[in-house]
Amino acid sequence: MKERRSGGRPTRLQQGFTLVELMVALTLTFVVSAAAYSAYKVQRQSAVIQEDITVLQQNIRAGLDIMSKELRMAGYDPTSSGKYGIAAADAGSLRFTADLCGDGGDPGTCVVNGESLTETFLYELYDSTGDGVNDALRRTPGGSAIANNIEHLEFHYTLRDGTNTPAPTSSELDRIVAVRISILARSSRPDHKYTDSKTYRTASEAMINPAEKNYHRRLLTTTLQLRNMGYGG
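Anyway, here's the lowdown on the structure attached to this text. Keep in mind that what you see is a predicted model, and the values were worked out from it rather than measured.

**A word on the overall build of the protein chain**
Along the backbone of the protein chain there are 1 helix and 15 strands. When burial is assessed residue by residue, the protein chain has 34% of its 233 residues classed as buried. Looking at the protein chain as shown, the accessible area adds up to about 14,300 Å², and 52% of this sits on carbon and sulfur atoms.

Dropping the structure here:
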């Protein structure tokens, strides 16, 4: 039956959505929303992983750059005082001094051009979180980290006569002319869709197979010539 307007012209009955149509519409909306959220989640996870990898690369490069710059100054002694050089060296740590103050006195600290300088350096890994695992690189005794999430640090030394050793004796310290350094760093968070199946070769040709496989890693190795060292007896 048709309704009639006041002018006598028929008009169709007004109809709404049926329950079935409403359920179909809601289902389609849910499916589309779920697909959009899933795509966003995957994209977000990918962005987080890429961010972690970028931070990892910047972290390890910054640490190695600082170490390389300072280690090249090992034994710097412009006044020929004989008080500066490599104090201790083994496969996992390296302690040295440089007369950055230029005063020929005992290694200490000074201010040059408004910058506080230390003359004693100790590169080693230490436990920065208190969990019993060495995981950060520092440059001074008791100092703070210059690079975090470091799993392995290794030094390998070359003496003036060409001998290579991971642990020079006390009489060989002033004959070190080069140091080969390896640093292995990992991402701060695990990536459960990634498995690290790599084997990493260190400065001494040792092989490392990390136990925790769900982390991204980078290994950097470089050899530094020590321009102020190697002239001892």
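**A word on the sheet that holds strand β8 (residues 136–138)**
On the basis of which strands lie adjacent, the open sheet formed by 5 strands has the order β3-β4-β7-β8-β9 and antiparallel pairing. Unpaired on one side and paired on the other, β3 (86–89) and β9 (145–148) mark the two borders of the sheet. Neighbouring strand axes in the sheet, compared pairwise and without regard to direction, differ in orientation by 15° on average. Where β3 lies against strand β4 (residues 93–97), 3 bridges are found, and the strand directions are antiparallel. Following the sheet pairing, A88 is matched in β4 by R95.

**Some thoughts on the state of the cysteines**
Across all of its chains, the model carries 1 disulfide by this definition. The disulfide partner of C101 is C110, and the S-S distance across this bridge is 2.0 Å. Between C101 and C110, the S-S torsion sits near -105°, and that sign places the bridge as left-handed.

**With respect to the packing of aromatic side chains**
In total, this model carries 3 aromatic pairs according to the counting rule given. Measuring from centroid to centroid gives 6.3 Å for F96 and Y123, while their planes differ by 10°, and the two rings are stacked. Of the two residues, F96 sits in strand β4 while Y123 sits in strand β7 (residues 120–126), which places them 27 residues apart along the sequence. Taken as a pair, F96 and Y123 share a single burial class, namely buried. Geometrically, the ring pair formed by F155 and Y157 is stacked, given 6.4 Å between the ring centres and 25° between the ring planes. The pair formed by F155 and Y157 is uniform in burial state, with each residue classed as buried.

**A look at the pattern of salt bridges**
Within the structure shown, the criterion is met by 9 salt bridges. In this structure, E70 and R139 form a salt bridge, with 2.6 Å as the shortest nitrogen-oxygen distance. Here E70, found in helix α1 (residues 19–71), pairs with R139, found in the loop between β8 and β9; they are 69 residues apart in sequence, far enough to count as distant. Since its relative accessible area comes to 15%, E70 is described here as buried. In this structure, R186 engages E212 in a salt bridge whose closest nitrogen and oxygen atoms are separated by 2.6 Å. With R186 in strand β12 (residues 176–186) and E212 in the loop between β14 (207–208) and β15 (217–225), this residue pair connects regions lying 26 residues apart in the sequence. A relative accessible area of 44% places E212 in the partly exposed class. Salt bridges linked by common partners bring E151, R186, D196, E212 and R217 together as one network.

**Here's the deal with the environment of D90**
Its location among the elements puts D90 in the loop between β3 and β4. A relative accessible area of 34% places D90 in the partly exposed class. Considered as a pair, D90 and E154 are 64 residues apart in the sequence and their alpha carbons are 8.6 Å apart. Not counting the four nearest positions on each side in its chain, D90 is found in contact with F155, Y157, P166 and A167. For D90, the side chain forms a polar contact with the main-chain nitrogen of G92, separated by 2.9 Å.

**What about a nonpolar patch on the surface?**
A surface patch of nonpolar side chains, amounting to about 420 Å² of accessible area, comprises L19, L22, M23 and L26. Along the chain, the position of L19 falls in helix α1. On the accessibility criterion, L19 (63% relative accessible area) is exposed.

Here is what the cut-offs are and how they apply
- Chains are numbered independently. Their residues run from 1 in the order of the written sequence.
- A pLDDT threshold of at least 70 governs which residues receive local features in this predicted model, and a stricter bar of 80 or more applies before side-chain atom pairs are shown or counted, although totals over entire chains, interfaces and linings include all residues.
- Only heavy atoms go into the side-chain values, all of them from the structure, while hydrogens and water stay out.
- Secondary structure elements are defined from DSSP: runs of H or I of at least 4 residues count as helices, runs of E of at least 2 residues count as strands, and each element is numbered from the N terminus.
- Three exposure classes are used, based on accessible area relative to the maximum for each residue type with a 1.4 Å probe and protein chains only: buried under 20%, partly exposed in between, and exposed over 50%.
- Calculation of accessible area relied on Shrake-Rupley with a 1.4 Å probe; when residues are assessed, cover is drawn exclusively from the protein chains displayed.
- By the convention used here, strands pair only if DSSP detects at least 2 bridges between them.
- For helices, the fitted axis covers only the stretch in contact; all axes are lines through C-alpha atoms, and the angles between them, taken along N-to-C directions, range from 0 to 180 degrees.
- Throughout, a disulfide means two cysteine sulfur atoms within 2.5 Å of one another.
- Two rings belonging to Phe, Tyr or Trp (six-membered ring only in the last case) form a pair when the distance between their centres is within 6.5 Å. Interplanar angles under 30 degrees mark stacking, angles over 60 mark edge-to-face geometry, and anything in between is tilted.
- A pairing counts as a salt bridge when a side-chain nitrogen of Lys or Arg comes within 4 Å of a carboxyl oxygen of Asp or Glu.
- Whether two residues are in contact is decided by their heavy atoms: any pair within 4.5 Å suffices.
- Identification of polar contacts relies on pairs of N or O atoms within 3.5 Å, with a donor-acceptor requirement for protein atoms, meaning one able to donate a hydrogen and the other able to accept it, and with residues adjacent in sequence counted only if both atoms are side-chain atoms.
- Each patch is assembled from residues with relative accessible area greater than 30% and no salt bridge, linking like charges that lie within 9 Å and nonpolar side chains (Val, Leu, Ile, Met, Phe, Trp, Tyr) that lie within 5 Å.

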